[in-house]
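Descriptive structure summary
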Amino acid sequence: MYTTNASRGLPRHRSRHLTERYTRWALRCVIATLVIALLWLVLAFHLNGQWMFALLFLVLGASLGVVFTKRTLMSHRYIFPAIAGLGVFVIFPLLYTIGISFSNYSSSNLLSEERVRGQLMSQTYQQEGNAFDLTLYQEGELVRLYLENSEADTPQRFVSSPLNFDNHETRQIGIQAVDASPTQEPLGMRAIIQARDSLQGLRLLTPNGAELRMAGLRQFAPMVDRYEAREDGTLYDRRDDRVLTPDPAIGFFVADNGERITPGWPVNVGFTNYTKIFTDPDIRGPFMQIFVWTFVFAALTVVFTLAVGFVLASLLQWDQLKGKAIYRTLLILPYAVPAFISILIFKGMFNQHFGEVNMILDTLFGVRPEWFTDPWLARSMLLIVNTWLGYPYMLLLCMGLIQAIPQDLYEASAVDGGGPITNLFKITLPLIIKPLTPLLIAAFAFNFNNFVLIALLTGGNPDILGASTPAGTTDLLVSYTYRIAFQDAGQNFGLAAAIATLIFLLVAGMSMLNLRLSKVKV
């Protein structure tokens, strides 16, 4: 085995070729640039409060610097890009998902506590008092505001000094009482809409000290901040006269009567999401039903595709069959068509009202099955479509394995009087099942997470009645997780991450089994 001087820690000779020396210096500059770029990302993520991403790029930058500067690690430089990609795109998302599964991260607990506090502190409400109608008047390059309370017993009218609406900052402006409106033509609604950002930043002070804020496109009214921050961390609600206390256990501000004030912030909830899957009846029932169906779907798909592929592969090996090349090409063609196109075509063919399948069944037997509303028919349709999509893969595998069987075995069997059935169970199956087993497990794991088929054909429907989460009778665990995370009203990312972690453990277990079987084969 060839060993370089660098990998043994020996000094490197100085090259006599200028091109080689310049190339080395260019590579060193590239590595230094990458390290600086990664350190810049570390700083940027740290300043934005994303400490996990900052840690990721810090580890990546440090590893890059060590591997490409230490000569004894020279042989590791060639595999470093693959390891770095594995860490960034596989290991880090996996650890991030596991971390989320131990939190209450959801659409209602999305922001940090500081941002939640800031959002509540920015809320205002209209104080008791009359609102003033707003009118704008152009004066050269500036605009003057005219406010009138025409519904009061004693109408009040105020006017501001000419203002520059290019300034969108929050500012306090004094207004003066007047007896009548300006005489020039007022501006229309379009001008108010264009100046909305500047108008929202205005705080108009009346001569009696009241502060008016924009309460609508055509109104200003006495607006006050709803919440007042206190030194003990609580918030006082001026409008409802109550105190809101931050609860770090649930991630919400809670009122005296137990009411939770949204939005909240993510907090650690331990194994709550995992225990909820198995103890909450509203989640456990749909989860177990979908869990069983996922295993049945993956297992039956493997069985059906293997049966169809094996039978067709055996027929294609028949010596008396003419035109094998044409048949082989035609049977493999479905594998060349993108899966989403085939799924959408089948979706149209199984349409309950206009599909060709129901048209044929109605003509022959007078029945029109409800493929998309009956749970068992929907599951049958999924198996039919997935068998069509998956049999070419099994056909290719079986053809290769059958062709590898020595013909002498079949000739010896014929001499002993063996027929096709004997050859199948005594020669063909025993010789192909062992190398085929790891591939069957890989196919099972693939169909275990066959999200595209469910999303495009049934969308998980029909729904499971009584479920508190969005769950369908044709959902697989992966599509069920997706619906909880992105289609539920509450978007419970924590619960979805817990289910995703369980799916990972199951698939990892199947992969370990696959490796063990592959080892037995070797």
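Predicted model, so just to flag it, every value in this text is computed and none were measured.

Some points on the overall build of the protein chain
Within the protein chain one finds 17 helices and 13 strands. In terms of overall dimensions, the protein chain is more spread out than a globule: its C-alpha atoms have a radius of gyration of 35 Å, far above the 24 Å expected for 522 residues. For the protein chain, the spread of C-alpha atoms along the three principal axes comes to 120 × 85 × 50 Å. Here the protein chain, with 522 residues, has 35% of them falling under the buried criterion.

A short note on the pairing of strand S3 (residues 142-149)
Within a regular strand, the side chains alternate between the two sheet faces. By the criterion of burial, S3 is predominantly enclosed, with 6 of the 8 residues buried. From the end of strand S2 (residues 132-139) to the start of S3, which pair antiparallel, there are 2 residues, and Gly140 there has a positive phi angle of about 65°. Sheet topology note: the S3/strand S4 (residues 156-160) ladder contains 4 bridges and is antiparallel. By the bridge assignment, Leu147 is partnered in S4 with Phe158. Count of turn residues in the S3/S4 antiparallel hairpin: 6 residues.

Description of the environment of Leu34
Its place among the elements puts Leu34 in helix H1 (residues 18-47). Taking relative accessible area as the criterion, Leu34 reaches 42% and is therefore assigned partly exposed. Taking C-alpha positions, Leu34 is 41 Å from Phe444, a pair spaced 410 residues apart along the chain.

Here we look at the side chain of Thr305
With respect to the helices, strands and loops of the structure, Thr305 is situated in helix H8 (residues 281-316). What makes Thr305 buried here is its relative accessible area of 3%. What Thr305 contacts, discounting residues up to four positions off in sequence, is Asn386, Thr387, Gly390, Tyr391 and Met394.

A closer look at the UniProt feature "transmembrane region" (unreviewed entry) in the protein chain
Following the UniProt record, one finds the feature "transmembrane region" (unreviewed entry) at residues 25-45, 51-69, 78-102, 290-313, 325-346, 381-402, 436-457 and 493-515. Annotation note: span residues 78-102, helix share 88%, strand share 0%, distance between end C-alpha atoms 37 Å.

Comments concerning the packing of helix H12 (residues 375-403) against helix H14 (residues 420-448)
At a closest axis distance of 10 Å, the pairing of H12 and H14 adopts a crossing angle of 145°. As H12 packs across H14, the resulting crossing turns out to be right-handed. Judged by residue contacts, Asn386, Tyr393, Met394, Leu397, Cys398, Leu401 and Ile402 of H12 engage Thr428, Ile432, Pro435, Leu436, Leu439, Leu440, Ala443 and Asn447 from H14. Residues that form the contact of H12 with H14 fall into these classes: 12 nonpolar, 3 polar and no charged.

Quick notes on the nonpolar core
Inside soluble globular proteins, nonpolar side chains tend to come together where they are buried. Judged by nonpolar contacts, the single largest core of 46 residues is most densely connected at Met394, Leu395, Cys398, Phe448, Tyr480, Ile499 and Met510. Put simply, the parts of the chain that give this core at least two residues each are helix H7 (272-279), H8, H12, H14, helix H16 (477-486) and helix H17 (493-521). When residues no more than four places from it in sequence are discounted, the contact partners of Met510 are Ile441, Phe444, Ala445 and Phe448. Counting residues in hydrophobic clusters, the runner-up holds 19 residues, among them Phe158, Leu163, Ile192 and Ala195.

Describing the pattern of salt bridges
If you walk through the whole model with that rule in mind, you get 15 salt bridges. Notably, a salt bridge pairs Asp237 with Arg226, separated by 3.1 Å at the nearest N-O pair. Residue Asp237 is found in strand S10 (residues 235-237), and its partner Arg226 is found in the loop between strand S8 (219-225) and strand S9 (227-229); the two are separated by 11 residues along the sequence. Comparing Asp237 with Arg226, the two get one shared label, buried. A salt bridge links Arg483 to Asp475; the shortest N-O distance between them is 2.6 Å. The class of Asp475 is buried, set by a relative accessible area of 0%. Salt bridges sharing common partners tie together Arg226, Asp237, Arg239, Asp240, Arg242 and Glu259.

Digging into H1
When the terminal C-alpha atoms of H1 are compared, their 44 Å separation across 30 residues agrees well with the 44 Å that a helix rising 1.5 Å per residue should span. Regarding H1, the residues found buried are Ile31, Val35, Leu38 and Val42. Looking at the buried side of H1, the elements it contacts are helix H2 (51-69). Gly49 sits one or two positions beyond H1 and adopts a positive phi of about 80°.

Quick notes on the packing of aromatic side chains
Per the counting criterion, the structure on display carries 28 aromatic pairs. Considering the side-chain rings of Phe451 and Tyr482, the 5.1 Å spacing of their centres and the 70° angle between planes classify their relative orientation as edge-to-face. Note that Phe451 is positioned in helix H15 (residues 451-457) and Tyr482 in helix H16, a separation of 31 residues in sequence. On the basis of relative accessibility, which here comes to 35%, the residue Tyr482 falls in the partly exposed class.

Regarding a nonpolar patch on the surface
A surface patch of nonpolar side chains, about 690 Å² in accessible area, is lined by Ile79, Ile83, Leu86, Phe89, Val90, Ile91 and Leu95. Relative to the helices and strands, Leu86 resides in helix H3 (residues 80-101). The exposure class of Leu86 is partly exposed, given its relative accessible area of 40%.

Some details on H7
All buried positions along H7 are accounted for by Asn273, Tyr274 and Ile277. Buried residues of H7 fall within an arc of 105° about the axis and therefore sit on the same side.

Considering the environment of Tyr236
Mapped onto the elements of the fold, Tyr236 is located in strand S10. Distance from Tyr236 to Thr206, taken between C-alpha atoms, is 27 Å for residues 30 residues apart in sequence. Setting aside its immediate chain neighbours within four residues, Tyr236 contacts Arg226, Tyr227, Glu228, Arg230, Asp241, Arg242 and Val243. A polar contact is formed between the side chain of Tyr236 and the side chain of Asp241, at a distance of 2.6 Å.

Digging into unusual backbone geometry
Between Thr262 and the following residue, Pro263, the backbone shows a cis peptide bond with an omega angle of 5°. On the secondary structure map, Pro263 appears in the loop between strand S13 (260-261) and H7. With a phi close to 55°, Asp241 is a non-glycine residue in the positive phi region. Note that Asp241 resides in the loop between S10 and strand S11 (242-247).

Focus on the pairing of strand S6 (residues 202-205)
Sheet topology note: the strand S5 (residues 171-177)/S6 ladder contains 4 bridges and is parallel. In the strand pairing of S6, Gly174 is matched with Leu205. Sheet analysis places S6 next to strand S7 (residues 211-216), joined by 2 bridges and oriented antiparallel. Paired with Leu205 across the bridge in S7 is Glu211. What sits between the antiparallel neighbours S6 and S7 is a turn of 5 residues, in which Gly209 has the positive phi angle 95°.

Cut-off values and rules
Throughout this document, residue positions are counted from 1 along each chain, in the order its sequence is written. Restriction of local features to residues with pLDDT of at least 70 applies here, the model being predicted, together with a cutoff of 80 or more for giving and counting side-chain atom pairs; totals for whole chains, interfaces and linings are based on all residues. The basis for the side-chain values is all heavy atoms of the structure; hydrogens and waters are excluded. Secondary structure follows DSSP: runs of H or I at least 4 residues long count as helices, runs of E at least 2 residues long count as strands, and numbering of each begins at the N terminus. The size measure is the radius of gyration over C-alpha atoms, and the globule rule it meets is 2.2 Å times the number of residues to the 0.38 power. When a residue's accessible area, from a 1.4 Å probe over protein chains only, is under 20% of the maximum for its type it is buried; when over 50% it is exposed; and in between it is partly exposed. If DSSP finds at least two bridges between two strands, the strands pair. Working rule for contacts: check all heavy atoms of both residues, and any pair within 4.5 Å makes them a contact. UniProt positions are given in the numbering used here, feature names are shortened, and annotations may be inferred rather than shown by experiment. Geometry is summarised by axes, namely lines fitted to C-alpha atoms with helices restricted to the contacting stretch, and by angles between N-to-C directions that run from 0 to 180 degrees. By definition, any crossing whose near helix is turned counterclockwise from its far helix by less than a right angle is left-handed, and any crossing with a clockwise turn is right-handed. Classes in brief: Ala, Val, Leu, Ile, Met, Phe, Trp, Tyr, Cys and Pro nonpolar; Asp, Glu, Lys and Arg charged; the others, Gly included, polar. In this description, a nonpolar core means a group of buried Ala, Val, Leu, Ile, Met, Phe, Trp, Tyr and Cys residues linked to one another through side-chain atoms lying within 4.5 Å. A pairing counts as a salt bridge when a side-chain nitrogen of Lys or Arg comes within 4 Å of a carboxyl oxygen of Asp or Glu. Here the expected length of a helix is defined as 1.5 Å per residue gap, with one fewer gap than residues. Any two of the Phe, Tyr and Trp rings considered here, Trp counted by its six-membered ring, make a pair once their centres fall within 6.5 Å; the pair's planes then place it as stacked at under 30 degrees, edge-to-face at over 60, or tilted in between. Exposure above 30% relative accessible area and the absence of a salt bridge qualify a residue for a patch, where like charges join within 9 Å and nonpolar side chains (Val, Leu, Ile, Met, Phe, Trp, Tyr) within 5 Å. Computed with a 1.4 Å probe, the accessible areas rest on the Shrake-Rupley method; for each residue, only the protein chains presented here act as cover. Directions drawn from the helix axis to the C-beta atoms are what define this arc. Whenever a nitrogen or oxygen atom comes within 3.5 Å of another N or O atom, the pair is scored as a polar contact, on the condition that within protein one atom can donate a hydrogen and the other can accept it, and that pairs from neighbouring residues in sequence are kept only if both atoms are in side chains.

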